[in-house]
Amino acid sequence: MEKNFLLRELNTFGFDVKARYFQELKTMDDVQELLRNPEFITCRDATLSRLYDTPPRLLILSGGSNILFSNEFYDGFVVYPNIKGIETLSEDAENIMIRCYCGEVWKEFVDYTVSKNLYGLENLADIPGKVGAAPVQNIGAYGAEVKDAVYQVHTIDLTTGGTKVFKNEECHFAYRNSIFKSLKNILIFAVDFVLKKNGELKLDYGNIRNYLINNNITNPTLKNVATTVKTIRAEKLPEVGVVGSVGSFFQNAIVSMDKFEEIKKMYAEVPSYPVDSDHIKVPSGWLIDKAGWKGHREGHVGVWDKQALVLVHYGGGKPQEILDLMKEIQISVKEKFGVEIKPEVNIV
């Protein structure tokens, strides 16, 4: 255990945030040792009680690629699960089940599956973060979500030390959501994925198909799609570790058909994706762009000039600057379109 630990390298915004206590977990034995730590027990129990306005005192931190600390000191205990390993559990002529432990880097895991010609995760290439956090957020991109490949999730309760396996349907996956966002003190230590040996490529979201056509790729392979996704992301998003960001800061807006028709009267070219018979998904980045924020900068923070969905930290700033910018953008979009956009990032 370390005290007053600097989390700059464990939050991709790159803010100089310190944690009162910090513990990295590399093995399951480390987990058992953690459960006996007096400081951990105190912070854990404070989190469970949540008396009055007492803030949570325990944070399970993964790759830090989807988190915004609200200030520069986390007065509690940060647990950093970093257990590594990938193993094949079973396979048949059509599918293969792979267990991946929480500490593996997500984009490296996707590269591994693509190198094995396994279908299911290729559209999620180059998303930053660790495997253990992927089910929590139900990460998604380019028409795919991780829930479609998750078979089950292995967890340990940091209150009791007991383990539980959540089958896919028990995870209550939804758009950028899962049961794990509401459960307290539950650490994901491994995820089992079912991937296909022969699958159908998803080409109709974003610019994937157009990019392939423009590059004369008429019969795309799994690797072509993954490479295309990486290229498109690199063209739109700041490089992790160079400019501070969490990628997409806001969730895409899901609006009623009536609201969509209102927006369409203003901008006939509004991009949209059907959700159900009553709702349409409108890219929040497009709404933010049309509200005039793309490329805007305020001091140490701003809106990325290539993708308005991305808020960035240029260095030397404080978390409150991002929070203030977020609120300004939300108000602006609400005033212009009558649409409330919500942060995708987890604010702690």
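Conventions adopted
Counting of residues starts from 1 at the beginning of each chain's written sequence and follows it residue by residue. Residues qualify for local features only when their pLDDT is at least 70, as the model is predicted, and side-chain atom pairs are given and counted only at 80 or more; totals for whole chains, interfaces and linings, by contrast, use all residues. Each side-chain value is worked out from all heavy atoms of the structure, with water and hydrogens disregarded. Helical segments are the DSSP runs of H or I of at least four residues, strand segments are the runs of E of at least two, and each set is numbered from the N terminus. Relative accessibility thresholds used throughout: buried, under 20% of the residue-type maximum; exposed, over 50%; partly exposed, between the two (1.4 Å probe, protein chains only). Residue contacts are defined here by distance: any two heavy atoms, one from each residue, within 4.5 Å place the two residues in contact. The term nonpolar core refers to a set of buried residues drawn from Ala, Val, Leu, Ile, Met, Phe, Trp, Tyr and Cys, joined through side-chain atoms within 4.5 Å. Positive charges are assigned to Lys and Arg, negative charges to Asp and Glu, while His and the chain termini are left out of the count. The term salt bridge refers to a pairing of a side-chain nitrogen on Lys or Arg with a carboxyl oxygen on Asp or Glu at a separation within 4 Å. We define a polar contact as two N or O atoms separated by no more than 3.5 Å, with the added condition that, inside protein, one atom must be a possible hydrogen donor and the other a possible acceptor, whereas residues neighbouring each other in sequence contribute only through side-chain atom pairs. If DSSP finds at least two bridges between two strands, the strands pair. Axes here refer to lines fitted to C-alpha atoms; in helices the fit is confined to the stretch in contact. Angles between the N-to-C directions go from 0 to 180 degrees. For each structure, a 1 Å grid was placed over the protein atoms alone; sets of points admitting a 1.4 Å probe that cannot get out are labelled cavities, open sets with protein on both sides within 12 Å along at least five of seven lines are labelled pockets, and lining residues have an atom within 4 Å of a point. Grid points are joined across faces, edges and corners, and a volume is the space filled by probe spheres set on the points. Residues are grouped as follows: Ala, Val, Leu, Ile, Met, Phe, Trp, Tyr, Cys and Pro are nonpolar; Asp, Glu, Lys and Arg are charged; all remaining types, including Gly, are polar. Each pair of aromatic rings taken from Phe, Tyr and Trp, with Trp reduced to its six-membered ring, is defined by centres within 6.5 Å and is described as stacked if the planes are under 30 degrees apart, edge-to-face if over 60, and tilted in the remaining cases. Whether a charge sits over a ring comes down to the Lys NZ or Arg CZ being within 6 Å of the ring centre and within 35 degrees of the ring normal. Here the expected length of a helix is defined as 1.5 Å per residue gap, with one fewer gap than residues.

## Considerations on unusual backbone geometry
Argument step 1. Unlike most non-glycine residues, Asp126 shows phi in positive territory, near 65°.
Argument step 2. With respect to the helices and strands, the residue Asp126 is situated in the loop between helix H3 (106–115) and helix H4 (134–137).
Argument step 3. Judged by relative accessible area, which is 26%, Asp126 ranks as partly exposed.
Argument step 4. Although it is not a glycine, Asn216 sits at a positive phi angle of roughly 60°.

## Here's the deal with the environment of Ile217
Argument step 1. Note that Ile217 resides in the loop between helix H5 (208–214) and helix H6 (222–236).
Argument step 2. Setting aside residues up to four positions removed in sequence, Ile217 forms contacts with Leu212 and Asn224.

## Examining the environment of Gly132
Argument step 1. Relative to the elements of secondary structure, Gly132 occurs in the loop between H3 and H4.
Argument step 2. By relative accessible area, Gly132 is classed as buried at 10%.
Argument step 3. In sequence terms Gly132 and Pro81 are 51 residues apart; their C-alpha atoms lie 8.2 Å from each other.

## What about the nonpolar core?
Argument step 1. Judged by nonpolar contacts, the single largest core of 46 residues is most densely connected at Leu7, Phe249, Leu287 and Ile329.
Argument step 2. Residue contributions to this core peak at seven residues, all from helix H9 (residues 319–337).
Argument step 3. Sequence-distant contacts of Ile329, that is, excluding residues within four places in its chain, are made with Phe250, Ile288, Trp293, Val303, Leu311 and Ile341.
Argument step 4. With 41 residues, the next largest nonpolar core counts Ile98, Leu118, Val146 and Leu195 among its residues.

## Observations concerning the side chain of Lys130
Argument step 1. Along the polypeptide, Lys130 turns up in the loop between H3 and H4.
Argument step 2. Despite being buried, Lys130 has no salt bridge partner; Glu24 is the closest side chain of opposite charge, sitting 6.9 Å away.
Argument step 3. At a separation of 2.8 Å, a polar atom in the side chain of Lys130 contacts the side chain of Tyr80.
Argument step 4. Excluding its chain neighbours within four sequence positions, the residues that come into contact with Lys130 are Ser62, Gly63, Tyr80, Asn82, Cys102, Gly103, Glu104, Val105 and Trp106.

## What about the sheet that holds strand S2 (residues 18–25)?
Two modes of strand pairing occur in sheets, parallel and antiparallel, and in both the strands are linked by backbone hydrogen bonds.
Argument step 1. The sheet built from four strands is open, its strands ordered S1-S2-S5-S3 with mixed pairing. The open sheet has two free edges, formed respectively by strand S1 (2–6) and strand S3 (58–60), since each of these has just one partner strand. In this sheet, neighbouring strand axes are inclined to one another by 40° on average, regardless of whether the strands run parallel or antiparallel.
Argument step 2. Bridge analysis of S2 against strand S5 (residues 73–81) gives seven bridges, and the strand direction is parallel. In the sheet register, Tyr21 faces S5, and the bridge partner there is Phe77.

## Let's talk about the layout of surface pockets
Regions of empty space are outlined by a rolling probe, equal in size to a water molecule, passed over the atoms.
Argument step 1. Taken as a whole, the second largest pocket encloses approximately 690 Å³ of empty space.
Argument step 2. Lining the second largest pocket are 32 residues, with Thr12, Pro128, Glu239, Val240 and Gly241 sitting closest to its centre.
Argument step 3. Elements supplying a minimum of two residues to the lining of the second largest pocket: H6 and strand S13 (244–245).
Argument step 4. A per-element tally of the lining of the second largest pocket places H6 first, with three residues.
Argument step 5. Residue composition of the lining of the second largest pocket, by class: 12 nonpolar, 12 polar and eight charged.

## A look at the packing of aromatic side chains
Argument step 1. Here the structure, examined in full by the defined rule, presents 16 aromatic pairs.
Argument step 2. Here the aromatic rings of Phe166 and Phe180 are separated by 5.1 Å at their centres, their planes lie at 75°, and the arrangement is edge-to-face. Of this pair, Phe166 sits in strand S11 (residues 163–167) while Phe180 sits in the loop between S11 and strand S12 (186–196), and the two are 14 residues apart along the sequence. In this structure, Phe166 and Phe180 share a single accessibility class: buried.
Argument step 3. Considering the side-chain rings of Trp286 and Phe337, the 6.0 Å spacing of their centres and the 45° angle between planes classify their relative orientation as tilted. Residue Trp286 is found in helix H8 (residues 284–290), and its partner Phe337 is found in helix H9; the two are separated by 51 residues along the sequence.
Argument step 4. Trp286 sits in the buried class, given a relative accessible area of 13%.
Argument step 5. Since its relative accessible area comes to 4%, Phe337 is described here as buried.
Argument step 6. Taken together, Phe13, Phe15, Phe249 and Phe250 form an aromatic cluster joined through their ring pairs.
Argument step 7. Between the NZ or CZ atom of Lys164 and the centre of the ring of Phe166, over which it lies, the distance is 4.8 Å.
Argument step 8. Just above the ring of Phe337 sits the side chain of Lys336; from NZ or CZ to the centre is 5.7 Å.

## Topic: H6
Argument step 1. A rise of 1.5 Å per residue sets the reference length of H6, with its 15 residues, at 21 Å; its end C-alpha atoms lie 22 Å apart and thus fit the reference within 8%.
Argument step 2. Packing partners of the buried residues in H6 comprise H3, strand S8 (140–141) and H5.

## Quick word on the sheet that holds strand S10 (residues 150–157)
Argument step 1. On the basis of which strands lie adjacent, the open sheet formed by five strands has the order S6-S7-S12-S10-S11 and antiparallel pairing. Two strands lie at the open edges of the sheet, namely strand S6 (86–91) and S11, each paired on one side alone. On average, each strand axis in the sheet is inclined to that of its neighbour by 20°, with strand direction left out of account.
Argument step 2. Alignment of S10 against S12, held across seven bridges, turns out to be antiparallel. For Ile156, the partnering residue across the bridge sits in S12 and is Leu187.

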